[in-house]
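# Coordinates in review
Letter by letter, the chains look like this.
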Amino acid sequence: MSKASCTFCALPAERILLLVDEAMAIRDAFPVSQGYTLVFPCRHVGSFFKLTESERACVLELLAQAKADLDLSFYSDGFNIGIDDGAAVRLPSRRCVRLVDRPSR
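The helix and strand tally for the protein chain stands at one helix and five strands. Listed N to C, the secondary structure of the protein chain is β-β-β-α-β-β in terms of helices and strands. Sequence-distant contacts, at least 24 apart, represent 53% of the contacts inside the protein chain between residues at least 6 apart. Counting every atom, the protein chain has about 6100 Å² of accessible surface; 57% of that belongs to carbon and sulfur.

Our focus in this paragraph is the sheet that holds strand 4 (residues 76–83). In space, the five strands of this open sheet follow the order 1-2-3-5-4, with antiparallel pairing throughout. Each edge of the open sheet is held by one strand with a lone partner, namely strand 1 (16–20) and strand 4. Taken pair by pair, the neighbouring strands of this sheet meet at an average axis angle of 15°, ignoring direction. Where strand 4 lies against strand 5 (residues 97–103), seven bridges are found, and the strand directions are antiparallel. Counted as the bridge partner of Ile83 is Val97 from strand 5.

Inspection of the entire model under this criterion finds two aromatic pairs. Taking the centre distance of 4.3 Å and the plane angle of 45° together, the rings of Phe8 and Phe40 count as tilted. Note that Phe8 is positioned in the segment before strand 1 and Phe40 in strand 3 (residues 37–41), a separation of 32 residues in sequence. Assigned by exposure class, Phe8 and Phe40 land together as buried. Where Phe48 meets Phe49, the ring centres are 5.7 Å apart and the plane angle is 90°; that geometry is what we call edge-to-face. Classification of Phe48 as buried rests on a relative accessible area of 10%.

Let us now look at the nonpolar core. By size, the foremost hydrophobic cluster in this structure holds 17 residues, and its most contacted members are Ala23, Val39, Val59, Leu62 and Val97. The set of elements that each furnish at least two residues to this core consists of strand 1, strand 2 (23–27), helix 1 (53–73) and strand 5. Broken down by element, the residue count for this core peaks at six residues, all from helix 1. The residues touching Ala23, leaving out its near neighbours within four places in the chain, are Leu18, Phe40, Pro41, Cys42, Cys58, Val59 and Leu62. Core analysis: the second largest hydrophobic core is formed by 10 residues, Ile26, Tyr36, Phe40 and Cys96 among them.

A word on the pattern of salt bridges. Enumeration over the complete set of coordinates arrives at three salt bridges. For the salt bridge of Asp28 with Arg98, the shortest nitrogen-to-oxygen distance reads 3.5 Å. In this pair, Asp28 is assigned in the loop between strand 2 and strand 3 and Arg98 in strand 5, connecting sequence segments 70 residues apart. As far as burial versus exposure is concerned, Asp28 and Arg98 are alike and both buried.

The rules behind these values
All residue numbers refer to positions counted from 1 along the written sequence of the respective chain. Only residues with pLDDT of at least 70 are given local features in this predicted model, and only at 80 or more are side-chain atom pairs given and counted; all residues enter the totals for whole chains, interfaces and linings. Side-chain measures here rest on the full set of heavy atoms in the structure, leaving out hydrogens and waters. Note on conventions: DSSP H or I runs of at least 4 residues are helices, E runs of at least 2 residues are strands, and numbering of each starts at the N terminus. Note on contacts: a residue pair is in contact if any heavy atoms of the two residues lie within 4.5 Å. Note that accessible areas follow from Shrake-Rupley with a 1.4 Å probe, and for residues the cover is restricted to the protein chains shown. A pair of strands counts as paired when DSSP detects no fewer than two bridges linking them. Structural elements are reduced to axes, namely lines fitted to C-alpha atoms, with helices fitted over the stretch in contact, and the angle between N-to-C directions of any two is expressed from 0 to 180 degrees. The pairing test for Phe, Tyr and Trp rings, Trp by its six-membered ring, is centres within 6.5 Å, and the orientation test on the planes gives stacked under 30 degrees, edge-to-face over 60, and tilted for anything in between. The rule is simple: take the accessible area with a 1.4 Å probe, protein chains only, and divide by the maximum for that residue type; under 20% is buried, over 50% is exposed, in between is partly exposed. The definition of a nonpolar core used throughout is a set of buried Ala, Val, Leu, Ile, Met, Phe, Trp, Tyr and Cys residues joined through side-chain atoms within 4.5 Å. Counted as salt bridges are all cases of a side-chain nitrogen of Lys or Arg within 4 Å of a carboxyl oxygen of Asp or Glu.

Now the structure itself:
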């Protein structure tokens, strides 16, 4: 996949919540919860397990920052964290970590 055809490479700057050297975080465009956040490496990579140590550290750093932001913004009771990996996932050229807030009911 070329960068020109990648949804994430073409994101307008205002969609990016958090950005570090090798990863970024955005709110999902079709969220299942108010603060549903995607964290992913800047590099196109076929598997989470093929990330470099530095990329993995950046992804996890942003995951922690995104969780802290959600704690302040949405008063969630808990979170689900998922990693998309493998040929059958929705975004085959990007491996996302999904942070799903579980708000108070």
